[in-house]
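# Descriptive structure summary
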Amino acid sequence: MEVNLNCDLGEKSEHYDGVNDSALMELINTANIACGYHAGNKEVIDTTIKLAKKNRVSIGAHPGFADKKNFGRKRVNLGNKELKKLVFDQIEIVDEIAKNNEWPLTHVKPHGALNNMACENFDMAFAIGESIKEYCKNLIYLILPFSEMEKAAQKLKINYACEIFADRNYEDNGHLISRSSPYAIIRNEQVAAENTLEMINNSAIKCFSGKQLKCTIDSICIHGDNANALEITKKIGKMLKENNVQTVHLNNLKKFK
């Protein structure tokens, strides 16, 4: 059995100091790098890509709303043309720096409110997917199962991978519980690791209610800005190894071979 282990990194901002990035990069397969709009800047992107290359970690663009004040977690309504430009420009920023470092960009994963809105809205999900396809048809669209993003990726006929979140709880429809809820975030590393392994073994999202939703799971995500991200990632990595689950780069998954 194989799975990808990814993490959102390069998110240095007034909300997060990036303290975990270096240590996390030694434990993961794939990094989703903030593009400077919701967090980070070109210097941080460059540093993060250099760190990824050093640790042989594959990289992707992690575009979000241009809203550093709210860390890209506040919903913003944009027209499709604006939305496509928002995503395209951010992919271009990271890709240019990646090329300068001779370390290829492999995927795109929307961040925060942009991701949440695209999960619910097909037109948004499709516009994001169009931007990815227009920029480079070989890039992987990293999305959530049971979402409009999955439907959009299928209609666009682009490569996509389905991820689960190790540090978040789910509603019964497979969507993430809102961060405004006290039950949204999993802070205990043992619980996070056990839930993750159960989901991988069952090929199903485990909802907070206990309900199981069968789906494809290609990747596991840990939010790098969480205070205990390092402990959760270590515990998951150890548990996957003990259960003979191999971790690979996102673009090296057998489905893309």
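Owing to the predicted nature of the structure, the values given are computational and were not obtained by experimental measurement. (Residues numbered from 1 in each chain as written. Predicted model: local features only at pLDDT ≥ 70, side-chain atom pairs only at ≥ 80, totals over all residues. Heavy atoms only, no water.)

### Some details on the overall build of the protein
Summing up its helical and strand segments, the protein has eight helices and ten strands in all. The C-alpha radius of gyration of the protein comes to 17 Å, within 12% of the 18 Å expected for a compact globule of 257 residues. With the C-alpha coordinates aligned to their principal axes, the bounding extent of the protein is approximately 40 × 40 × 35 Å. Within the protein, contacts between residues at least 6 apart in sequence are counted, and of these 74% link residues at least 24 apart. Put simply, the protein has 34 plus and 33 minus side-chain charges, and the middle of one group is 3 Å from the middle of the other. (Helix = DSSP H or I, 4+ residues; strand = E, 2+ residues; numbered from the N terminus. Rg over C-alpha atoms; globule rule 2.2 N^0.38 Å. Contact = heavy atoms within 4.5 Å. Lys, Arg positive; Asp, Glu negative; His and termini not counted. Charge placed at Lys NZ, Arg CZ, Asp CG, Glu CD.)

### Topic: the nonpolar core
Formed by 77 residues in total, the largest nonpolar core has its most connected members in Ile49 and Tyr141. At eight residues, helix H3 (residues 80–100) tops the list of elements feeding residues into this core. Excluding residues within four positions of it along the chain, Tyr141 makes contact with Val108, Pro110, Ala125, Ile128, Gly129, Ile132, Met149, Ala153, Ile158, Asn159, Tyr160 and Ala161. With seven residues, the next largest nonpolar core counts Ile140, Leu142, Leu250 and Phe256 among its residues. (Core = buried A, V, L, I, M, F, W, Y, C linked by side-chain atoms within 4.5 Å. Buried < 20%, exposed > 50% of the residue type's maximum accessible area, 1.4 Å probe, protein only.)

### Examining helix H7 (residues 189–202)
The terminal C-alpha atoms of H7 lie 20 Å apart, and with 14 residues this matches the ideal 20 Å at 1.5 Å per residue to within 8%. Tucked into the core, H7 has its buried residues touching strand S1 (2–9), strand S6 (160–165), strand S7 (204–206), strand S9 (219–223) and helix H8 (229–242). Two residues or fewer past H7, Ser203 is found with a positive phi of approximately 50°. (Expected span 1.5 Å × (residues − 1).)

### Quick look at the pattern of salt bridges
Throughout the structure, instances matching the rule amount to 13 salt bridges. When the shortest N-O distance is used, the salt bridge between Lys85 and Asp89 registers 2.8 Å. Linking Lys85 with Asp89, this pair stays in helix H3, spanning four residues, or about one helical turn. The salt bridge partner of Glu242 is Lys238, with a shortest N-O separation of 2.6 Å. With a gap of four residues between them, Glu242 and Lys238 both fall in helix H8, about one helical turn apart. Of the residues examined, Glu242 reaches a relative accessible area of 51% and is grouped as exposed. (Salt bridge = Lys/Arg side-chain N within 4 Å of Asp/Glu carboxyl O.)

### Looking at the packing of H7 against H8
Their axes nearest at 9 Å, the elements H7 and H8 cross at an angle of 40°. As summarised for this structure, H7 and H8 are arranged oblique, according to the angle between their axes. Seen from above, H7 lies across H8 with right-handed handedness. Side by side, H7 and H8 meet where Glu189, Gln190, Ala192, Ala193, Glu194, Thr196 and Leu197 of the first sit next to Glu231, Ile232, Lys235, Ile236, Met239 and Leu240 of the second. Along the lines of polarity and charge, the residues of the contact of H7 with H8 split into seven nonpolar, two polar and four charged. (Axes fitted to C-alpha atoms, helices over the stretch in contact; angles between N-to-C directions. Parallel < 35°, antiparallel > 145°, perpendicular 65-115°, else oblique. Left-handed = near helix turned anticlockwise from the far one by under 90°. Nonpolar A, V, L, I, M, F, W, Y, C, P; charged D, E, K, R; others polar.)

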